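Residue-level structure breakdown
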Amino acid sequence: MLNIEDDTKMANNPLNLPLPSYQNWLTALRHKNADEAVRIFERSTELERNKLLNGCFIYAANQPRSNATSQLEWINGCCELYALFVATMQGSEETVTYLIRKGVNIHMKDKYGNNCIHSMIYASFLEPAREKESVQICRQLCNILPQSDLRKLLLSENTEQKRPLELAIHLGLFDLSNEIFTTRGIYLVKEEDHVLYK
């Protein structure tokens, strides 16, 4: 839970996306509705587009959160969230591609030092059925991001000093751990294939 000092800092951030004002944008991202996300983005001004891409969703202090239907929705309601975080956590390949193509800052971190891959790993831990979608998102990022950006994301530590691979292993997510470990040029440095074994 954010303390008063954190709330003040967030309230003064010009890139804030206060809810419910930006609820339609969050809903489109949460429900993997890429068409609606594109519609909202394309109808926005240039300044507003930057907010949509890189702004942080914030909940009013008195906004009820008791209607969450899953642990993931609880996380979405209580933590700092950016558009790319939501799209990767929800496994929305089309939306992730669109956000990156439009210039989203892929290296944004929350106050715990988590980037979009860390947050996706936490989401997979809370809802194990999402792990396969998360593996697909990892593959997608490998295909569309420059090697330097991918390397920076995968080698970035959060405040617990865990990189995405270490976090996935720590949380027991075998498929995600294996996908990250076998990323060429990051952990897999030889031509032979290496895999983790159960």
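Scroll up a little and you will see the structure.
Below or above, wherever it landed, is the structure these notes cover. Since this is a predicted model, take the numbers as computed values, not measurements. (Residues numbered from 1 in each chain as written. Predicted model: local features only at pLDDT ≥ 70, side-chain atom pairs only at ≥ 80, totals over all residues. Heavy atoms only, no water.)

**Focus on the sheet that holds strand 3 (residues 81-82)**
How we decide: DSSP bridges decide pairing: two strands pair if at least two such bridges lie between them. Helical segments are the DSSP runs of H or I of at least four residues, strand segments are the runs of E of at least two, and each set is numbered from the N terminus.
Ordered in space as 1-2-3, the 3 strands form an open sheet in which the pairing is mixed. Two strands close off the open sheet at either side, each with one partner strand: strand 1 (16-18) and strand 3. Examined bridge by bridge, strand 2 (residues 56-58) and strand 3 share 2 bridges and lie antiparallel to one another. Across the sheet, the residue bridging to Cys56 is Tyr82, located in strand 3.

**Section: helix 3 (residues 34-42)**
Keep this limit in mind: With a 1.4 Å probe rolled over the protein chains alone, any residue whose accessible area is under 20% of its type maximum counts as buried; one over 50% counts as exposed, and the rest are partly exposed. When we speak of the arc, we mean the arc of directions from the helix axis to the C-beta atoms. Residue contacts follow a heavy-atom distance rule, with two residues in contact if any of their heavy atoms lie within 4.5 Å.
Listing the buried residues of helix 3 in full gives Ala34, Ala37, Ile40 and Phe41. End-on, the buried residues of helix 3 take up no more than an arc of 125°, which puts them together on one face. Against the buried residues of helix 3 lie helix 2 (23-30), helix 4 (46-54) and helix 7 (93-101).

**Quick word on the environment of Phe174**
Mapped onto the elements, Phe174 comes out in helix 12 (residues 174-181). Since its relative accessible area comes to 26%, Phe174 is described here as partly exposed. Expressed as a C-alpha distance, the spacing of Phe174 and Glu131, which sit 43 residues apart in the sequence, is 9.2 Å.

**Notes on the packing of helix 7 against helix 9 (residues 131-144)**
The condition is simple: Axes here mean lines fitted to C-alpha atoms, for a helix over just the part in contact, with angles spanning 0 to 180 degrees between N-to-C directions. Note that the term roughly parallel is reserved for angles under 35 degrees, roughly antiparallel for angles over 145, roughly perpendicular for angles of 65 to 115, and oblique for everything else. The crossing is said to be left-handed when, going from far helix to near helix, the turn is anticlockwise and less than a right angle, and right-handed when the turn is clockwise. Each residue is assigned to one class: nonpolar for Ala, Val, Leu, Ile, Met, Phe, Trp, Tyr, Cys and Pro, charged for Asp, Glu, Lys and Arg, and polar for all the others, Gly among them.
For the pair helix 7 and helix 9, the least separation of the axes is 10 Å and the interaxial angle reads 30°. The angle between helix 7 and helix 9 places the two elements in the roughly parallel class. Read as a crossing pair, helix 7 and helix 9 show a hand that is right-handed. Note on element contacts: helix 9 touches helix 7 through Gln136, Ile137, Gln140, Leu141 and Ile144, opposite Glu93, Val96, Thr97 and Ile100. When its residues are assigned to classes, the contact of helix 7 with helix 9 shows 5 nonpolar, 3 polar and 1 charged.

**Focus on the pattern of salt bridges**
This is how it is decided: A side-chain nitrogen of Lys or Arg and a carboxyl oxygen of Asp or Glu constitute a salt bridge if their distance falls within 4 Å.
Scanning the model with the defined rule gives 6 salt bridges in all. Across the pair Lys102 and Glu42 runs a salt bridge, and its minimum N-O distance is 3.4 Å. Taken together, the positions of Lys102 in the loop between helix 7 and helix 8 (116-126) and Glu42 in helix 3 put the pair 60 residues apart, joining distant regions of the chain. Classification of Glu42 as partly exposed rests on a relative accessible area of 35%. Between Glu127 and Arg130 there is a salt bridge, with the nearest N and O atoms lying 2.7 Å from each other. One continuous salt-bridge network, built from bridges that share partners, spans Glu42, Arg49 and Lys102.

**Here's the deal with the nonpolar core**
Counted only if it meets this: To qualify as a nonpolar core, a set must consist of buried Ala, Val, Leu, Ile, Met, Phe, Trp, Tyr and Cys residues joined through side-chain atoms within 4.5 Å.
Trp25, Phe57, Leu99 and Ile121 are the most contacted members of the largest nonpolar core, which has 51 residues in total. If one sorts the elements of this core by residue count, helix 6 (residues 83-89) sits on top with 6 residues. In contact with Ile121, not counting residues within four places along its chain, are Pro164, Leu167, Ala168, Leu171, Leu173, Leu176 and Ile180.

**A look at unusual backbone geometry**
At Lys32, a position not held by glycine, the phi torsion is positive, near 55°. Position of Lys32 among the secondary structure elements: in the loop between helix 2 and helix 3. Owing to a relative accessible area of 37%, Lys32 belongs among the partly exposed residues under this scheme. A positive phi angle, close to 60°, is found at Gln161, a residue other than glycine. Looking at where Gln161 falls in the secondary structure, it is placed in the loop between helix 10 (147-154) and helix 11 (164-170).

**Side note on the packing of aromatic side chains**
Spelled out, the test is: In this analysis, rings of Phe, Tyr and Trp, with Trp reduced to its six-membered ring, are considered paired at centre separations within 6.5 Å, and the interplanar angle assigns stacked below 30 degrees, edge-to-face beyond 60, and tilted for intermediate values.
Overall, the coordinates contain 3 aromatic pairs when judged by the stated rule. Arranged with centres 5.7 Å apart and planes meeting at 90°, the rings of Phe41 and Tyr98 form a pair that is edge-to-face. Of this pair, Phe41 sits in helix 3 while Tyr98 sits in helix 7, and the two are 57 residues apart along the sequence. Residue classification places Phe41 among the buried positions, given a relative accessible area of 3%.

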